[in-house]
Amino acid sequence: MPPTTAHPAAADRERLGLHADCESCFGLCCVALAFTRSADFPIDKDAGDPCRNLRPDHTCGIHPELRERGFVGCTVYDCFGAGQKISRSTFAGQDWREHPEVRSSMFALLPVLRHVHELLWYLTEAQALTRGHDDALTAQVAAAVERVDLLSTGSPDELLALDLGALRDSVNPLLVRASEAARARSVHQPRGERADRRGADLIGRRLADADLRGASLRGALLVGADLRGADLRSADLVGADLRGADLSGADLTDALFLTQVQVDAARGDADTRLPAGLTRPAHWGAPRVTRSRSRRA
């Protein structure tokens, strides 16, 4: 089911090329990344070795059946547009199959540029959150977008030399300020103090029907958590690990910094409410049996 409304940052993300375009990529994620036999992958694969399902034209031979074949990890990976930029811009269309001399640097560059593009994705969200509310902060975020975007166009050597930790630390204060301001003015205010669960270990935690409006869940571990019916409106979910979390009936309207990858990695149903611009995954189930509960205002 496609999103009904475009995200306020959609135009900026389109301009910056932050959406994966697999047809313009040389199948980099299918080669550069390592697989480990697990619940996410049925096989082991070393970094730099082509996946057995990769076709000569760089398409996946089992793409419509990835989840059914056990390649769940592939379905929840997003390069944020890094793959096509490396293929078509950084290496000017040099196919690693035809130009083996670029293989090692091309493959090493994928996780680096993906990280840079993910930061750009978050910055565009921050820019959308501040626009029309705080001109000074909006200008600072816009300057950061321009700076990080310029870095993303560097040469392979320049990109591989980037200090990603320092880059992340340089933009994180802007993301935090944008989040705090957006949550403070949100109409979805909790009854008491907004919960601060930054980096919290909430693996498998029972949080059904929890009031998490405006909460900070930045970097929280919510793997397998029971969030059925939870109220997550305007919660900050940047970097939260939602793998296997049950979001059935949960309300994530206006949740901040929530990515499609996080949504795809979770479980949900037709009653789960998502922010504008995000798509309900095809593997999510039908509505659960209605439980008696009151929807918070």
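Below you will find a few notes about this structure. Model, not experiment: these values are computed from the prediction. (Residues numbered from 1 in each chain as written. Predicted model: local features only at pLDDT ≥ 70, side-chain atom pairs only at ≥ 80, totals over all residues. Heavy atoms only, no water.)

1. Side note on the packing of aromatic side chains
Alright, step 1. Across all of its chains, the model carries seven aromatic pairs by this definition.
Alright, step 2. When the centroid spacing of 4.3 Å and the interplanar angle of 10° are considered together, the rings of Phe35 and Phe41 count as stacked.
Alright, step 3. For Phe35, a relative accessible area of 8% gives the class buried.
Alright, step 4. Judged by relative accessible area, Phe41 falls into the buried class, the value being 13%.
Alright, step 5. Among the aromatic residues, those joined into a cluster by ring pairs are Phe80, Trp121, Tyr122 and Phe257.
Alright, step 6. Directly above the ring of Trp121 sits Arg13, whose terminal nitrogen or CZ lies 3.6 Å from the centroid. (Phe/Tyr/Trp six-rings, centres within 6.5 Å; stacked < 30°, edge-to-face > 60°. Buried < 20%, exposed > 50% of the residue type's maximum accessible area, 1.4 Å probe, protein only. Lys NZ or Arg CZ within 6 Å of the ring centre and 35° of its normal.)

2. So, the packing of helix H6 (residues 135-152) against helix H8 (residues 164-185)
Alright, step 1. Between H6 and H8, the least distance of the axes is 11 Å, while the angle of their chain directions is 150°. Taken together, H6 and H8 sit at an angle that is classed as roughly antiparallel. Where H6 crosses over H8, the two elements pack in a sense that is left-handed. Contact residues: H6 offers Leu137, Gln140, Val141, Ala144, Arg147, Val148 and Leu151, while H8 offers Leu167, Ser170, Val171, Leu174, Arg177 and Ala178. (Axes fitted to C-alpha atoms, helices over the stretch in contact; angles between N-to-C directions. Helix = DSSP H or I, 4+ residues; strand = E, 2+ residues; numbered from the N terminus. Parallel < 35°, antiparallel > 145°, perpendicular 65-115°, else oblique. Left-handed = near helix turned anticlockwise from the far one by under 90°. Contact = heavy atoms within 4.5 Å.)

3. Some thoughts on the side chain of His117
Alright, step 1. Residue placement: His117 occurs in helix H5 (residues 103-130).
Alright, step 2. Reaching out from His117, the side chain makes a polar contact with the side chain of Lys85 at a distance of 3.2 Å. (Polar contact = N/O pair within 3.5 Å; in protein donor to acceptor, adjacent residues only side chain to side chain.)

4. Describing the pattern of salt bridges
Alright, step 1. The tally for this structure, following the rule as stated, stands at 15 salt bridges.
Alright, step 2. Residue Asp211 pairs with Arg213 through a salt bridge whose shortest N-O separation is 2.9 Å.
Alright, step 3. Its relative accessible area of 27% is what places Asp211 among the partly exposed residues.
Alright, step 4. In this structure, Asp251 engages Arg233 in a salt bridge whose closest nitrogen and oxygen atoms are separated by 3.7 Å. In this pair, Asp251 is assigned in the loop between H8 and helix H9 (260-265) and Arg233 in the loop between H8 and H9, connecting sequence segments 18 residues apart. For the pair shown, Asp251 and Arg233 are each scored as buried.
Alright, step 5. Several salt bridges share partner residues, and in doing so they unite Asp211, Arg213, Asp231, Arg233, Asp251 and Arg273 into one network. (Salt bridge = Lys/Arg side-chain N within 4 Å of Asp/Glu carboxyl O.)

5. Structural notes on empty space enclosed by the protein
Alright, step 1. This structure, assessed with the given rule, holds one cavity of 30 Å³ or more.
Alright, step 2. The computed volume of the largest cavity comes to approximately 40 Å³.
Alright, step 3. Taken together, His7, Arg13, Trp121, Glu125, Ala255, Phe257, Leu258, Pro275, Ala276 and Leu278 make up the lining of the largest cavity.
Alright, step 4. Residue composition of the lining of the largest cavity, by class: seven nonpolar, one polar and two charged. (1 Å grid on protein atoms, 1.4 Å probe; cavity = no way out; pocket = protein on both sides within 12 Å on 5 of 7 lines; lining within 4 Å. Points joined across faces, edges and corners; volume = space filled by probe spheres on them. Nonpolar A, V, L, I, M, F, W, Y, C, P; charged D, E, K, R; others polar.)

6. Some points on the environment of Gly249
Alright, step 1. Position of Gly249 among the secondary structure elements: in the loop between H8 and H9.
Alright, step 2. Judged by its relative accessible area of 5%, Gly249 is buried.
Alright, step 3. Separated by 22 residues in sequence, Gly249 and Asp271 place their C-alpha atoms 4.6 Å apart.

7. Points about H6
Structurally, the α-helix is built with 3.6 residues per turn, so residues lying three or four positions apart point the same way.
Alright, step 1. Its 18 residues give H6 an end-to-end C-alpha distance of 26 Å, which sits within 8% of 26 Å, the value for a rise of 1.5 Å per residue.
Alright, step 2. The set of residues buried in H6 consists of Leu137, Thr138, Val141, Ala144, Val145, Val148 and Ser152. Looking down the long axis of H6, one finds its buried residues gathered within 120° of arc, a one-sided arrangement. Residues of H6 that are exposed and point more than 90 degrees away from the buried face comprise Asp135, Ala136, Glu146 and Leu150.
Alright, step 3. Where H6 is buried, its residues contact helix H1 (10-16), helix H4 (82-90), H5, helix H7 (156-160) and H8.
Alright, step 4. For H6, the side-chain oxygen to backbone nitrogen distance between the N-cap and Ala136 is 3.2 Å, and the N-cap itself is Asp134. (Expected span 1.5 Å × (residues − 1). Arc of directions from axis to C-beta.)

Distances and angles like these do not, on their own, reveal function.
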